[in-house]
Protein chains: 2
Amino acid sequence: MNFIIGYHTTQFGELWEKSLFDLVEEAINGVLKQTSLSSRQIDAVFFGNMLAGVLENNLHSPSKVSEILKVNIPIFRAEAACASGGAAFNLAKTYLDSNSNKNVLVVGAEKMTDYSPEETITGLSAASSGEEQEAGLTFPGLYAMMANFYLEKYHFTEENLAYVSVKNHYHGSLNDKAHFRKKISVEDVLKSPYVAYPLKVLDSSPISDGASALILTNRHDLIKKQRNLVSVLASEVATDTISLKERKKFDEILATKIAGDAAFKKAKINRRDIKVAEVHDCFSIAEILAMEDLGFWEKGEGGNRIKELLTMCENGGNLIVNTSGGLKAAGHPVGATGIKQIGEIFLQLTGQAEKRQVNNVRYGLAHNVGGSGGTAVVTILSI
Amino acid sequence: MNFIIGYHTTQFGELWEKSLFDLVEEAINGVLKQTSLSSRQIDAVFFGNMLAGVLENNLHSPSKVSEILKVNIPIFRAEAACASGGAAFNLAKTYLDSNSNKNVLVVGAEKMTDYSPEETITGLSAASSGEEQEAGLTFPGLYAMMANFYLEKYHFTEENLAYVSVKNHYHGSLNDKAHFRKKISVEDVLKSPYVAYPLKVLDSSPISDGASALILTNRHDLIKKQRNLVSVLASEVATDTISLKERKKFDEILATKIAGDAAFKKAKINRRDIKVAEVHDCFSIAEILAMEDLGFWEKGEGGNRIKELLTMCENGGNLIVNTSGGLKAAGHPVGATGIKQIGEIFLQLTGQAEKRQVNNVRYGLAHNVGGSGGTAVVTILSI
């Protein structure tokens, strides 16, 4: 069995004074300090990053991480668009499954605000197909198509979507590390300008800088000593076509369904056992699809369920979602996101989630998506 | 134990009529056909690619591979500069070590010739540190510094280096898939124009397109049925600083030493058991350093040893090196290189290396380097 024994994240936001590898170093130092480990006690590193090549001509990050840590261990970069962090975590778990008595560092980071919005958006569109790029379809455009399809098919309106952002901004207001810590109302969302109809600015996650790091271990001596110990019951990856037009359905993310079903099967628990989840809300519609595709809600009922706001932490529903603020309010430094999601569940399970702590949590789930659903990673954790 | 049961590579060269994913598809279809497997029988894919993001704004390749294969399985992209292929193979082996009864596809590819040389060279320099990029140090420049240091310290000349290229071009002349199939002389090398003193055009591997694919398995039913069965005794990864100036020594690649030592320890064989090796000869000096750092030659004797040409297949030495033609003559489509190296050893071990077949081969080694030595992957195979 593999355990998470520590998590550290930098502030998420517009961090003008910090470079990508400043952030990586800060996250690594934070998690090493927290677990009282030195870099010499790390056996392998998995690094999640999407855009450093495209934005700053910076590839071969395993070697850069070696330079930071001053070690010569195996280090790997995972890239699966916005699921890069989740993919790195999955590879780290696989590494531990095949190597006994090891410590693994998983770190995800992205530096996105040093460039013009056009450059960053062009970089992000690298996660879609060549045809979609040529057609000028950005990610807001792709998710807007899914949102239009969903709203029309199930007879919802933009107001239904808005509740996702209201909830996640409320959670963000409770998280010191969040990019946005301001509560917003349904009216605020509805009044915000359109990005791609029906999605508006306040339906959309921001462009953020940040880095997050976790330590995973299967070392018996460490497991005995640690106060904060969270076991990894499942980490499952599924993929799907990169082009939306190649998909059979537009109101579901098939990769999420497949990875979710596989994760629950592996973890041998039920949906209702999960009390906290971080799901991939790059746009408001994405959280609704995720909740349905993960089997928490029936297909087509998400538009109503979100309006009840029972997934908001002060309302005390059975399942609280995106206590970190989600991508929407905590921010979305792409490579860091999948690690931060798992880290937030770690905080909840170990009673360290401060103002946003959910009570009596035994199981949690993290769900990370790449592109418009071409990759999904679902992780289930327990104390 | 994990086994390689099939290998297919596309032609390496300037393949103007083919896109990156045309090449990927060709390599995948080739290896599936050869092993009589359908895409439905593949449980996971590991894809090595360096430059698609930088050169063609093409990230999230796991999802594109899912689209090609029409499956929803776990697919990962590995990027470690020129060691991307080796890293993908290593991750695939780890996956099999932790999952029984699975088939894994490993594919590496690069499309490099659709761009201006300046664009491609800028992309390649992404594998070096930010400082080196700012200083205008390209990879020929970095390896030239190592070559100058080596030649001066051990009293060799450019002529010594030239024999690497003579040998590898001879081997390339025997390999239908090689980018260059023309024999060259020491004089040809010495007369070729300087790229970065003391390295000349004919000391340098070319910019190539190509894709290579392998199937790894630990399925008992398949292992019994296969005619061509090569076992993976070891695959070891080590890293080092990305900046040359942070290194203690300039006449060795430390990551190669560490990965090589670990691989021989894991494989429980001696250096002299290896009869064929593919080593990373991005520049002539790199092959000499590799032979020394892997422990085949003493440090500082490589300049003399290469002149004996005992590592050339017609001369019948104890160890024949780079029968594929190496990066120099077979070509260097970056993401494919690490897979092609392992594939060449597979061909040698299964008696399929045609005109360049070495006799009585039981063990072989492949050595893949990223950047100027920031990553090294050493793989040992046996029949």
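These numbers come from a predicted model, not from an experiment.

Asks: Can you help me understand the environment of Glu-236 of chain B in this one?
Replies: Residues and elements named next belong to chain B. As for its placement among the helices and strands, Glu-236 is situated in strand β8 (residues 230-239). Separated by 27 residues in the primary sequence, Glu-236 and Ala-263 place their C-alpha atoms 5.6 Å from one another. In this view, Glu-236 contacts Asn-90, Ala-259, Ala-262, Ala-263, Lys-266, Ala-376, Val-377 and Val-378; residues no more than four positions away in its chain are not counted.

Asks: What is the right way to look at the interface of chain A and chain B in this model?
Replies: Often, the extent of an interface is quoted as the loss of accessible area upon association of its parts. Counting residues at the interface gives 52 residues for chain A and 53 residues for chain B. Both sides together, the interface formed by chain A and chain B hides about 3,800 Å², and carbon and sulfur atoms give 55% of it. Summed over the shared surface of chain A and chain B, the number is two salt bridges. Across the pair Arg-77 of chain A and Glu-79 of chain B runs a salt bridge whose closest N-O atoms are separated by 2.6 Å. The interface formed by chain A and chain B holds 34 residue pairs in polar contact (both at pLDDT 80 or more) in total. Examining the composition of the side of chain A that touches chain B, we find that seven residues originate from one element, helix α4 (residues 84-98) of chain A, more than from any other.

Asks: Quick question: what am I supposed to make of the relation of the copies chain A and chain B here?
Replies: Each of the two chain copies goes to the other by way of a rotation about an axis and a shift along it. The transformation that overlays chain A on chain B combines an axial shift of 0.0 Å with a rotation of 180°, and the residual RMSD is 0.0 Å. These values place the two chain copies in the arrangement generated by a two-fold rotation axis. Mapped onto chain B, 100% of the interface residues of chain A are again interface residues, and the two copies thus contact each other with one and the same surface.

Asks: Explanation requested: the packing of helix α7 (residues 139-154) of chain A against helix α12 (residues 284-293) of chain A in the structure shown.
Replies: Packed helices, taken two at a time, are described by the angle between their axes plus the distance between the axes. Residues and elements named next belong to chain A. Here α7 crosses α12 at 65°, and the two axes come no closer than 10 Å. Read as a crossing pair, α7 and α12 show a hand that is left-handed. Contacts from Tyr-143, Met-146, Ala-147 and Tyr-150 in α7 reach Ile-285, Ala-286, Ile-288, Leu-289 and Glu-292 in α12. Each residue belonging to the contact of α7 with α12 can be placed in one class, and the counts come to eight nonpolar, no polar and one charged.

Asks: Even after reading the chapter, I still don't get the domain arrangement of chain A, so can you show me in this structure?
Replies: All names here are of chain A. Structurally, chain A comprises domain 1 (3-115 + 208-230) and domain 2 (124-206 + 232-382). Inter-centroid distance (C-alpha atoms) of domain 1 to domain 2 is 23 Å. Contact with domain 1, which involves 44 residues of that partner, is made by 40 residues of domain 2. At the boundary of domain 1 with domain 2, total buried surface from both sides reaches about 3,100 Å², with 70% on carbon and sulfur atoms. Sorting the residues of domain 1 by area buried against domain 2 places Phe-12, Cys-82 and Val-230 first, and these three jointly supply 22% of that buried surface. Inspection of the domain 1/domain 2 interface yields twelve residue pairs in polar contact (both at pLDDT 80 or more). At the level of secondary structure, the elements contributing two or more residues to the side of domain 1 that touches domain 2 comprise β1 (3-9), α4, β4 (103-110) and β7 (210-217). It is α4 that provides the largest number of residues to the side of domain 1 that touches domain 2, a total of seven residues. For the side of domain 1 that touches domain 2, a count of residues per class yields 22 nonpolar, 18 polar and four charged.

Asks: Which parts of the structure should I look at to understand the environment of Glu-252 of chain A?
Replies: Residue and element names in this part refer to chain A. With respect to the secondary-structure elements, Glu-252 resides in the loop between β8 (230-239) and α11 (254-267). For Glu-252, a relative accessible area of 9% translates into the label buried. Put simply, Glu-252 and Leu-289 are 37 residues apart on the chain and 5.9 Å apart in space, counted from C-alpha to C-alpha. Setting aside its immediate chain neighbours within four residues, Glu-252 contacts Lys-257, Leu-289, Asp-293 and Lys-299. Of the polar contacts made by the side chain of Glu-252, one reaches the side chain of Lys-257; its length is 3.5 Å.

Asks: I'm lost on the environment of Val-107 of chain A in this one. Help?
Replies: Residue and element names in this part refer to chain A. Structurally, Val-107 can be placed in strand β4. A relative accessible area of 0% means that Val-107 is categorised as buried. Taking C-alpha positions, Val-107 is 31 Å from Glu-314, a pair spaced 207 residues apart along the chain. Discounting chain neighbours no more than four positions away, the residues touching Val-107 are Val-24, Ala-27, Ile-28, Val-45, Phe-46, Phe-47, Gly-48, Ser-212, Ala-213 and Ile-339.

Asks: What's the story with the pairing of β7 of chain A in this structure? I'm lost.
Replies: A regular strand carries its side chains on alternate faces of the sheet. Residue and element names in this part refer to chain A. Within β7, eight of the eight residues are buried, which leaves it mostly tucked inside the rest of the structure. Side-chain alternation along β7 places Gly-210, Ser-212, Leu-214 and Leu-216 on one buried face and Ala-211, Ala-213, Ile-215 and Thr-217 on a second face that is also buried. When β1 meets β7, the two strands line up antiparallel, connected through six bridges. What sits directly across from Tyr-7, in β7, is Leu-214. Relative to β7, β4 runs antiparallel, the two being bridged by eight bridges. Directly across from Val-107, in β7, lies its bridge partner Ala-213.

Asks: What should I look at first to understand the packing of helix α8 (residues 158-172) of chain B against helix α12 (residues 284-293) of chain B in this one?
Replies: Residue and element names in this part refer to chain B. Taken N-terminus to C-terminus, the directions of α8 and α12 make an angle of 95°; their axes are 8 Å apart at the nearest point. Between α8 and α12, the angle falls in the class roughly perpendicular. The residues of α12 that touch α8, namely those facing Asn-160, Leu-161, Val-164, Ser-165, Lys-167 and Asn-168, are Ser-284, Ile-285, Glu-287 and Ile-288. Of the residues that constitute the contact of α8 with α12, the class distribution is four nonpolar, four polar and two charged.

Asks: Looking at this structure, how should I read α4 of chain A?
Replies: Since the α-helix advances by 3.6 residues per turn, residues separated by three or four positions end up pointing in the same direction. For α4 of chain A, spanning 15 residues, the distance from its first C-alpha to its last is 21 Å, which sits close to the expected 21 Å at 1.5 Å a residue. For α4 of chain A, the buried fraction is high: 13 of the 15 residues fall into the buried class.

Asks: What exactly am I supposed to notice about the pattern of salt bridges here?
Replies: This structure, assessed with the given rule, holds 48 salt bridges over all chains. Linking Asp-209 of chain B and Lys-111 of chain B is a salt bridge whose minimum nitrogen-to-oxygen distance equals 3.0 Å. Here Asp-209 of chain B, found in the loop between β6 (199-200) and β7 (210-217), pairs with Lys-111 of chain B, found in the loop between β4 (103-110) and α5 (117-124); they are 98 residues apart in sequence, far enough to count as distant. Residues Asp-209 of chain B and Lys-111 of chain B agree in their burial class; the two are buried. Of the charged contacts, one joins Arg-219 of chain B and Asp-221 of chain B as a salt bridge, the two residues approaching to 2.9 Å between their closest N and O atoms. A residue is classified by how much of its surface remains accessible, and Asp-221 of chain B, at 36% relative accessible area, is partly exposed. Several salt bridges converge on common partners, so that one network encompasses Lys-111, Asp-114 and Asp-209 of chain A.

Asks: Hey, could you run me through the layout of surface pockets in this one?
Replies: The gaps of empty space that remain are located by a probe, the size of a water molecule, rolled over the atoms. Taken as a whole, the largest pocket spans an internal volume of roughly 830 Å³. If you trace the largest pocket, you find 36 residues lining it, with Glu-67 and Ile-68 of chain A together with Thr-241, Ile-242 and Glu-246 of chain B closest to the centre. Residue composition of the lining of the largest pocket, by class: eight nonpolar, eleven polar and 17 charged.

Asks: So what exactly am I meant to see when it comes to the nonpolar core here?
Replies: A general trend in soluble globular proteins is that nonpolar side chains are found buried together. Phe-46 of chain A together with Phe-46 of chain B are the most contacted members of the largest nonpolar core, which totals 218 residues. Every residue in contact with Phe-46 of chain B, bar those within four places of it in the chain, is listed here: Leu-91 of chain A together with Phe-76, Ala-88, Leu-91, Ala-92, Tyr-95, Val-104, Leu-105, Val-106 and Val-107 of chain B.

Here is what the cut-offs are and how they apply
- Residues numbered from 1 in each chain as written.
- Chains lettered and ligands numbered in written order.
- Predicted model: local features only at pLDDT ≥ 70, side-chain atom pairs only at ≥ 80, totals over all residues.
- Heavy atoms only, no water.
- Helix = DSSP H or I, 4+ residues; strand = E, 2+ residues; numbered from the N terminus.
- Contact = heavy atoms within 4.5 Å.
- Buried area = accessible area lost by both parts, 1.4 Å probe.
- Salt bridge = Lys/Arg side-chain N within 4 Å of Asp/Glu carboxyl O.
- Polar contact = N/O pair within 3.5 Å; in protein donor to acceptor, adjacent residues only side chain to side chain.
- Least-squares fit on C-alpha atoms with pLDDT ≥ 70 in both.
- Axes fitted to C-alpha atoms, helices over the stretch in contact; angles between N-to-C directions.
- Left-handed = near helix turned anticlockwise from the far one by under 90°.
- Nonpolar A, V, L, I, M, F, W, Y, C, P; charged D, E, K, R; others polar.
- Domains from an automatic or database assignment.
- Buried < 20%, exposed > 50% of the residue type's maximum accessible area, 1.4 Å probe, protein only.
- Pairing = 2+ DSSP bridges.
- Parallel < 35°, antiparallel > 145°, perpendicular 65-115°, else oblique.
- Expected span 1.5 Å × (residues − 1).
- 1 Å grid on protein atoms, 1.4 Å probe; cavity = no way out; pocket = protein on both sides within 12 Å on 5 of 7 lines; lining within 4 Å.
- Points joined across faces, edges and corners; volume = space filled by probe spheres on them.
- Core = buried A, V, L, I, M, F, W, Y, C linked by side-chain atoms within 4.5 Å.

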